[in-house]
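For reference, the chains in residue letters:
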Amino acid sequence: MGDLTRRAWLGGLSAAGFLAATEGGRPAMGPNDRFDLVVKGGEVVDPSQSLRAKRDIGIRFGIIEAVEAEIPAARAQRVLDASGKLVLPGLIDLHAHTYPYGSAIGIPADETVPFAGVTTVVSAGDAGANNLAALRRHIAAQTRTRMFAFVHIANNGLSGFPVAELYNIDHAQVEACARAVAENPDFVLGVKVRLSENVVFKHGAEPLRRAIQACELSGRPAKVMAHIGGVETPDLMSRILDLLRPGDILTHCYSGAPNIAGQFTNIVQDGKLLPAALEAKRRGVIFDIGHGGGSFDFTVAEAAIAQGAPPDTISSDLHVVSGNTPGLPFLPWVMSKFLPLGFSLEQVVAMATSAPARVIDRGATLGTLQVGAPGDVSVMELVEGPVSFVDTRSNTRSGTAFLKPVQTVNTGVVFGRPFQAPFAVR
């Protein structure tokens, strides 16, 4: 296996990375060789290549080998008929909770595939330094969906019930967190911190400062994912925004959740985008949706977008609680909510494929259908007709279409049963 280490292999190295790491590289196809799978007849929408056209996708050994106008069916061991459907790069969910049995809200990533079309998922702070090894060894290693993680600044991870993880600030141990980031470079992307008043109580911005310190102490270019929504005061919201560095992630960016006293203290206040939010956007802070069961407000989104702070990435914040809420935060449904907000299909797809791939520093291999990338494909149907969307504050917006998952391919293998959407279309 050449220079490929056991740690890299067990840590979930992609098929593309494995083949590149072997001495022979990816073997060339001969004239009589057949693709393992051809996704045939669909309309490819791949923002990473500025491509929207009818194309066939040929996959061999888990890698995309060809993107062509026509690949004869005779050249395929198996054909996935995508006629009349959209063929997207495998979706990347930048914010989900995928640590079943290890946190109160974790959901098995593989079980959500028929409903989401996600091929790469990021565990958003489910585990802290004390229980990260269990997430990696017992969950990620046995999950077909590719998984990365943000380690929580709280050493016990996300533990919201009955007392949140950062009511006691002593749980935020910088050195232990930094060590977890440093020792897991192929799995851990950075540090997660929740900053709502009902999580950090009266500790203000101190948990965020410790998360940033842990990233810097790790010696890696690690990012902070900062959860907002109902922070203690409007002033604290501005201080949080001022602390975030270029490349850090503001998740639940359009939350309308109130603080403990019922005050609205998020990035839009009295209809106005905070100056600190606009400055954060301008210096390269990533604005991530993180819809969830209580963290997406159409009125906040509309005001922020109109005033210069559009989203960079669309994520679900899917977990066992949020998945049963009226907002239905399965990633394609969340993506669909941005079509009536004025975003094109290509822009919406980019925010769930190529954009999060760049955020997690995998832009060359994930979130793309380019030749040589892992064979991750999300086949969707764009269902046209009147449809109603609801946010997490009971606001509704009307749309004219939504994305419905049809089939998912993970590193060249058809994965998950076909899905019949429960969403009502008027």
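What comes next is a walk through the structure. Everything quoted here is computed from the prediction, not taken from an experiment.

Cut-off values and rules
- Throughout this description, residue numbers start from 1 for each chain and increase along the sequence as written.
- Under the rules for a predicted model, residues below a pLDDT of 70 receive no local features and side-chain atom pairs below 80 are neither given nor counted, while totals for whole chains, interfaces and linings still include all residues.
- Excluding hydrogens and water, the side-chain values take into account all heavy atoms of the structure.
- Runs of H or I in DSSP of at least four residues are treated as helices and runs of E of at least two as strands, each being numbered from the N terminus.
- Here the radius of gyration uses the C-alpha set of atoms, whereas the globule reference equals 2.2 Å times the residue count to the power 0.38.
- Each residue is placed in one exposure class: buried if its accessible area under a 1.4 Å probe, protein chains only, is under 20% of its type's maximum, exposed if it is over 50%, and partly exposed if it falls in between.
- We call two residues in contact when some of their heavy atoms are within 4.5 Å.
- Only the protein chains shown count as cover for residues, with accessible areas throughout obtained via the Shrake-Rupley method and a probe of 1.4 Å.
- For the purpose of charge, His is not counted, nor are the chain termini; Lys and Arg are scored as positive and Asp and Glu as negative.
- Where a charge sits is defined by one atom per residue type, namely NZ (Lys), CZ (Arg), CG (Asp) or CD (Glu).
- One requirement defines pairing of two strands: DSSP has to find at least two bridges between them.
- Look down the strands so they point away from you; if going from the first strand over the helix to the second traces a clockwise path, that crossover is right-handed.
- Within 6.5 Å between ring centres, the rings of Phe, Tyr and Trp (the latter by its six-membered ring) count as paired, and their orientation is classed by plane angle as stacked under 30 degrees, edge-to-face over 60, tilted in between.
- Sulfur atoms of two cysteines make up a disulfide when they are within 2.5 Å.
- Side-chain atoms alone can form a polar contact between residues adjacent in sequence; in general such a contact is a pair of N or O atoms within 3.5 Å, and within protein one must be able to donate a hydrogen while the other accepts it.
- Remark: nonpolar core denotes a set of buried residues (Ala, Val, Leu, Ile, Met, Phe, Trp, Tyr, Cys) joined through side-chain atoms within 4.5 Å.

1. Examining the overall build of the protein
Of the regular secondary structure elements, the protein holds 13 helices and 17 strands. In terms of overall dimensions, the protein is globule-like: its C-alpha atoms have a radius of gyration of 21 Å, near the 22 Å expected for 426 residues. The C-alpha extent of the protein, read off along each of the three principal axes, is 70 × 55 × 35 Å. Looking at the 426 residues of the protein, the share that counts as buried comes to 58%. Considering only intrachain contacts with a sequence separation of at least 6, the fraction spanning at least 24 residues in the protein is 75%. Accessible area for the protein stands at about 16,400 Å²; split by element, carbon and sulfur atoms hold 52% of it. Here the protein carries 38 positive and 40 negative side-chain charges, and the mean point of each set is 2 Å from the other.

2. Focus on the pairing of strand 8 (residues 146-152)
Within strand 8, seven of the seven residues are buried, which leaves it mostly tucked inside the rest of the structure. Because side chains alternate across strand 8, one face comprises the buried residues Arg146, Phe148, Phe150 and His152, and the other comprises Met147, Ala149 and Val151, equally buried. Two elements, strand 7 (residues 118-124) and strand 8, share five bridges in a ladder whose sense is parallel. Directly across from Val121, in strand 8, lies its bridge partner Met147. Each parallel crossover has a hand, and for strand 7 linked through helix 4 (residues 132-139) to strand 8 it is right-handed. Where strand 8 and strand 9 (residues 188-194) come together, four bridges link them in parallel fashion. Considered in strand 9, the bridge of Val151 is made with Val191.

3. Describing unusual backbone geometry
In the Ramachandran plot, Ser50 falls in the positive-phi region, its phi being about 50 degrees despite a non-glycine side chain. Positionally, Ser50 belongs in the loop between strand 1 (37-46) and strand 2 (51-60). Residues other than glycine seldom take positive phi values, yet Phe61 does so here, at roughly 55 degrees. Inspection of the secondary structure assignment puts Phe61 in the loop between strand 2 and strand 3 (63-68). A relative accessible area of 43% places Phe61 in the partly exposed class.

4. Looking at the packing of aromatic side chains
Enumeration according to the criterion identifies seven aromatic pairs in this entry. Plain terms: the ring middles of Phe296 and Phe298 are 5.2 Å apart, the flat faces sit at 70 degrees to each other, and that makes the pair edge-to-face. Of the two residues, Phe296 and Phe298, neither departs from the other in class, the shared state being buried. Between Phe296 and Phe338, the aromatic rings sit 5.5 Å apart at their centres with planes inclined by 50 degrees, giving tilted as the arrangement. One end of the pair, Phe296, is in the loop between strand 14 (286-288) and helix 10 (298-306); the other, Phe338, is in the loop between helix 11 (331-336) and helix 12 (345-350), and 42 residues separate them in sequence. Grouping residues by exposure puts Phe296 and Phe338 together as buried. Every member of this aromatic cluster is reached through a ring pair, and the members are Phe296, Phe298, Phe338 and Phe343.

5. Regarding the state of the cysteines
Applying the stated criterion to the full structure yields zero disulfides. No disulfide involves Cys215; its sulfur sits 7.0 Å from the nearest other cysteine sulfur, which is in Cys177. Exposure remark for Cys215: the relative accessible area of 1% places this residue in the buried category. Left unpaired, Cys253 is separated from the closest cysteine sulfur, that of Cys215, by 19 Å.

6. As for the side chain of Ser255
On the secondary structure map, Ser255 appears in the loop between strand 11 (249-251) and strand 12 (268-269). From its side chain, Ser255 meets the backbone nitrogen of Ala257 in a polar contact 3.1 Å long. Apart from residues no more than four positions distant in its own chain, Ser255 is found in contact with Ile228, Gly229, Asn266, Gly294, Ser295, Phe296, Asp297 and Val300.

7. Points about the nonpolar core
By size, the foremost hydrophobic cluster in this structure holds 92 residues, and its most contacted members are Tyr254, Ile267 and Phe338. The residues contacting Phe338, other than those within four sequence positions of it, are Tyr254, Ile289, Phe296, Pro311, Ile314, Phe343 and Val348. Grouped together as the second largest cluster of nonpolar side chains are 15 residues, Ile57, Val87, Val379 and Val409 included.

8. Describing the pairing of strand 10 (residues 223-227)
Taken across its five residues, strand 10 has five buried, putting it largely inside the fold. Burial along strand 10 is two-sided: the face carrying Lys223, Met225 and His227 and the face carrying Val224 and Ala226 are both buried. Taken together, the five bridges between strand 9 and strand 10 define a ladder with parallel strand orientation. Counted as the bridge partner of Arg194 is His227 from strand 10. Examined bridge by bridge, strand 10 and strand 11 share three bridges and lie parallel to one another. Note that in strand 11 the partner of Ala226 across the bridge is Leu250. Considered for its hand, the β-α-β crossover made up of strand 10, helix 8 (residues 234-243) and strand 11 is right-handed.

These figures come from the coordinates and say nothing about function on their own.
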